[in-house]
Amino acid sequence: MSTRRFRGAGVDPATGEEAFAGARPRAVLDEAADAHALKAAAVLVTVVGAVLEGGNSSDTELAAFVPSLHAALEECVGIMAADRER
């Protein structure tokens, strides 16, 4: 039996709120959500890497990245866990 997972489907441009979709494992929406999450994580890694290499950021500025990094890591771990169950 395939269990639906609520997956981020982007941000609604009208409201600025994140949209979610209930996706079955290996379904089109699930695969699209995986691709979106991995692309977003890759962009975040690039941005944070550039900021760290610059070396001019305060601890407060760096701390602002923590929630985004946590969310990206959580999503990537969810993808890996789902892949392991397949």
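Going by the structure above, here's the rest.
Just so it is clear, the model here is predicted, and its values are computed rather than measured.

What counts and what doesn't
- Residues numbered from 1 in each chain as written.
- Predicted model: local features only at pLDDT ≥ 70, side-chain atom pairs only at ≥ 80, totals over all residues.
- Heavy atoms only, no water.
- Pairing = 2+ DSSP bridges.
- Helix = DSSP H or I, 4+ residues; strand = E, 2+ residues; numbered from the N terminus.
- Axes fitted to C-alpha atoms, helices over the stretch in contact; angles between N-to-C directions.
- Parallel < 35°, antiparallel > 145°, perpendicular 65-115°, else oblique.
- Left-handed = near helix turned anticlockwise from the far one by under 90°.
- Contact = heavy atoms within 4.5 Å.
- Nonpolar A, V, L, I, M, F, W, Y, C, P; charged D, E, K, R; others polar.

Draft legend 1. Molecular detail of the pairing of strand E1 (residues 5–11). The pairing of E1 with strand E2 (residues 18–23) spans five bridges and is antiparallel. Looking at the pairing, Gly8 lines up with Phe20 of E2. The loop that links E1 with its antiparallel partner E2 comprises six residues; one of these, Gly16, has a positive phi angle of about 80°.

Draft legend 2. Quick peek at the packing of helix H1 (residues 28–54) against helix H3 (residues 66–85). Taken N-terminus to C-terminus, the directions of H1 and H3 make an angle of 140°; their axes are 10 Å apart at the nearest point. Of the possible angle classes, the one that applies to H1 and H3 is oblique. Both H1 and H3 take part in a crossing whose hand is left-handed. The segment H1 lies against H3, with Asp34, Ala37, Leu38, Ala41, Leu44 and Val48 engaging Ser68, Leu69, Ala72, Glu75, Cys76 and Ile79. Class assignment for the residues of the contact of H1 with H3 results in nine nonpolar, one polar and two charged.

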